[in-house]
Each structure stands twice: as structure tokens, then as C-alpha cells.
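The primary structure of each chain is shown beneath.
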Amino acid sequence: MQRLTALACREGISKRVYNINNINTANMANMANLRFKFPANHPATVRAAFHAPKHIHKEPSSPSSSGTTPVSPTRRVDALKITPEAEDALLAKQRLNRPVAPHLDVYSIEQTYLGSSAWMRITGCALSGVVYVFFSAYLLVPLLGWQLDSAAVVRAFADVPSAVSSAVKFLLAFPLSFHFFNGAKQLGYDAGFGFARTTIIKAEYLVWAAGVAGGLGLTFWL
């Protein structure tokens with residue numbers, strides 16, 4: 001209570017001083033309706049404490065020399081207390097109601113799932129990953145007494161069904177083909193060509209068609 005009183009004094013809030021020996025019913029009613037006005041930037045707990053309902057009641061004290069019993073007004077302050085865990089839970093609940101920005105639904109399917117820029121990175125990671133894994137294994141398998149030369153790879157593929165071997169070859173050929181044709185398109189952009197909207201859309205479809213055709217060609221004709 002002393003802290004709240006000091007805060008009120010610093011903010012220049014006017015106070016009323018009551019003589020507790022001459023207090024009457026009207027003064028008691030005025031004190032019950034007394035409200036301090038805090039600026040809007042004060043903490044909510046401070047404002048809630050001062051604007052909470054006040055209950056004025058009389059407490060008997062020792063009789064004075066005049067024979068009357070003075071009373072002292074007291075106030076009971078009801079303030080809402082909230083724990084840090086409850087604050088975090090409330091904040092998390094409010095965040096669940098926020099929309100995802102930008103939301104994926106605002107984009108077309110072609111931009112979200114078939115964008116050549118994203119697939120350029122995907123195919124590049126696939127190609128580099130296969131190269132790193134193969135050459136790392138090529139260096140390590142002699143330590144285990146295995147063989148990973150060309151003849152061993154041919155013998156391994158000869159024992160699997162043709163559908164499985166064709167699928168594996170296409171998974172290796174498509175990233176190479178797509179990366180090649182999309183890289184050629186990017187070189188055209190670097191030269192300053194093809195920035196019209198219709199040209200960009202046509203180039204996207206052309207790169208996908210060329211990538212799939214090139215992957216199939218490498219799979220079945222090589």
C-alpha cells in the first residue's frame with residue numbers, strides 16, 4: 001500500500017485528507033466512491049488494485065478522553081494475480097487464432113509445388129548427395145574387402161527386375177536433366193531475356209517437359 005501511495009504522489013495525483021475524529025456518514029460515502037485516475041501506460045495490476053471495489057467498515061479502537069470511540073477507515077483491495085505460466089498459456093492460445101502469413105493457399109499449385117527455383121535446389125542437392133555418397137563409399141569399401149567398380153555395379157543391376165533398375169536410373173537421370181535445362185533458362189535470365197509474365201510461365205512448363213523427356217531418354221536409351 002505504501003508503494004501505491006508513493007506512486008500516486010509521483011504522478012501528481014491529488015489526495016484528500018480526512019480528519020478521522022470528525023468523520024461522518026457523508027465523508028464515509030465519499031471515501032467509498034474515491035477513485036484514482038492513472039495514466040493508460042501504468043501496469044494493469046496497479047490500475048486494477050486502485051479501481052477495485054473498496055469496502056469501508058469501522059473498526060473500534062480504544063475510547064478517547066472525550067468518551068467517543070474514533071473510527072479509522074480501511075479499504076480492502078481485490079487484485080487479480082496471474083502466474084507467468086498462465087500468461088504464457090494465454091499468449092499461446094491467442095497466437096493459435098492468428099493466420100499464417102503468407103498462407104500457402106494464396107499461391108497457385110504451380111508456384112507452390114512445381115516452381116523451378118525450388119526444384120533447382122532439390123535436384124542440385126540430389127545430384128551432389130549421390131556423388132558424395134558414391135565416391136565416399138568407393139574409397140571406403142576396399143577397407144571392408146568389397147568391390148564397387150563398374151563391373152560390380154553392372155552385376156548388381158543385372159540381378160534386379162528391369163522395372164526396379166529403370167526406376168533407379170530415372171531417379172538418377174531426372175535431376176541431371178532438369179538441372180541442366182533449368183540452368184540454361186537461368187542463363188537466359190542473366191542475359192536479360194524472358195522476364196515477361198507469359199514467357200516465364202511458358203518457360204516453366206518447357207523446363208519440366210524437357211527435364212522429364214531428358215530423364216526418360218537417359219533411362220531407356222543409354
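Residues numbered from 1 in each chain as written. Predicted model: local features only at pLDDT ≥ 70, side-chain atom pairs only at ≥ 80, totals over all residues. Heavy atoms only, no water.

**Comments concerning a nonpolar patch on the surface**
The following threshold applies: Note that patches include only residues with greater than 30% relative accessible area and no salt bridge, and the join distances are 9 Å for like charges and 5 Å for nonpolar side chains (Val, Leu, Ile, Met, Phe, Trp, Tyr). In this description, accessible areas are obtained by the Shrake-Rupley approach with a 1.4 Å probe, and a residue is regarded as covered only by the protein chains that are shown. A side-chain nitrogen of Lys or Arg and a carboxyl oxygen of Asp or Glu constitute a salt bridge if their distance falls within 4 Å. Only protein chains enter the accessibility calculation, which uses a 1.4 Å probe. A residue is then buried if its area is under 20% of the maximum for its type, exposed if over 50%, and partly exposed in between.
A grouping of Val131, Phe134, Phe135, Tyr138, Leu139, Leu140, Leu143, Leu144 and Trp146 is seen on the molecular surface, where their side chains present a nonpolar patch of about 1000 Å² in accessible area. Looking at Tyr138, the relative accessible area reads 41%, which means it is partly exposed.

**As for the packing of aromatic side chains**
Threshold: Ring pairs shown here join Phe, Tyr and Trp side chains whose ring centres sit within 6.5 Å, with only the six-membered ring taken for Trp; geometry is labelled stacked below 30 degrees between planes, edge-to-face above 60, and tilted in between. Secondary structure elements are defined from DSSP: runs of H or I of at least 4 residues count as helices, runs of E of at least 2 residues count as strands, and each element is numbered from the N terminus.
Counting across every chain of the model gives 9 aromatic pairs. Pairing Phe170 with Phe174 gives two aromatic rings, centres 5.9 Å apart and planes at 25 degrees, and the pair type is stacked. Here the residue Phe170 and the residue Phe174 both occupy positions in helix α8 (residues 162–190), the gap between them amounting to 4 residues, near one helical turn. Under the relative-accessibility criterion, Phe174 is labelled buried at 12%. Relative to Phe181, the ring of Phe180 has its centre 5.2 Å away and its plane inclined at 80 degrees; by these criteria the two rings are edge-to-face.

**A short note on helix α9 (residues 197–220)**
Operational definition: A helix is expected to reach a length of 1.5 Å times the quantity of its residues less one. Contacts were defined at the residue level, with two residues in contact if any of their heavy atoms lie within 4.5 Å.
For α9, spanning 24 residues, the distance from its first C-alpha to its last is 35 Å, which sits close to the expected 34 Å at 1.5 Å a residue. Every buried residue of α9 is listed here: Ala203, Val207, Trp208, Ala210, Gly211, Gly214, Gly215 and Thr219. If you follow the buried residues of α9, they end up packed against α6 (116–144) and α8.

**With respect to the packing of α8 against α9**
The line we're drawing: Inter-axis angles, ranging from 0 to 180 degrees, are taken between N-to-C directions of lines fitted to C-alpha atoms, where helices are fitted over the stretch in contact. Take the far helix as the reference: if the near one is turned anticlockwise from it by less than a right angle, the crossing is left-handed, and if turned clockwise, right-handed. Each residue gets one label: Ala, Val, Leu, Ile, Met, Phe, Trp, Tyr, Cys and Pro are nonpolar, Asp, Glu, Lys and Arg are charged, and the others, such as Gly, are polar.
The N-to-C vectors of α8 and α9 enclose an angle of 145 degrees; their axes lie 7 Å apart at closest approach. Between α8 and α9 lies a crossing of right-handed hand. Split into classes, the residues belonging to the contact of α8 with α9 amount to 16 nonpolar, 7 polar and 3 charged.

**Observations concerning the UniProt feature "transmembrane region" (unreviewed entry) in the chain**
Using the following cut-off: UniProt positions are given in the numbering used here, feature names are shortened, and annotations may be inferred rather than shown by experiment.
Taking the numbering used here, the UniProt-annotated feature "transmembrane region" (unreviewed entry) corresponds to residues 118–140, 160–182 and 203–221. Between the end C-alpha atoms of residues 118–140 the distance is 33 Å, and the span holds 100% helix and 0% strand. Annotated as residues 160–182, this span is 91% helix and 0% strand, and its ends, taken at the C-alpha atoms, are 32 Å apart.

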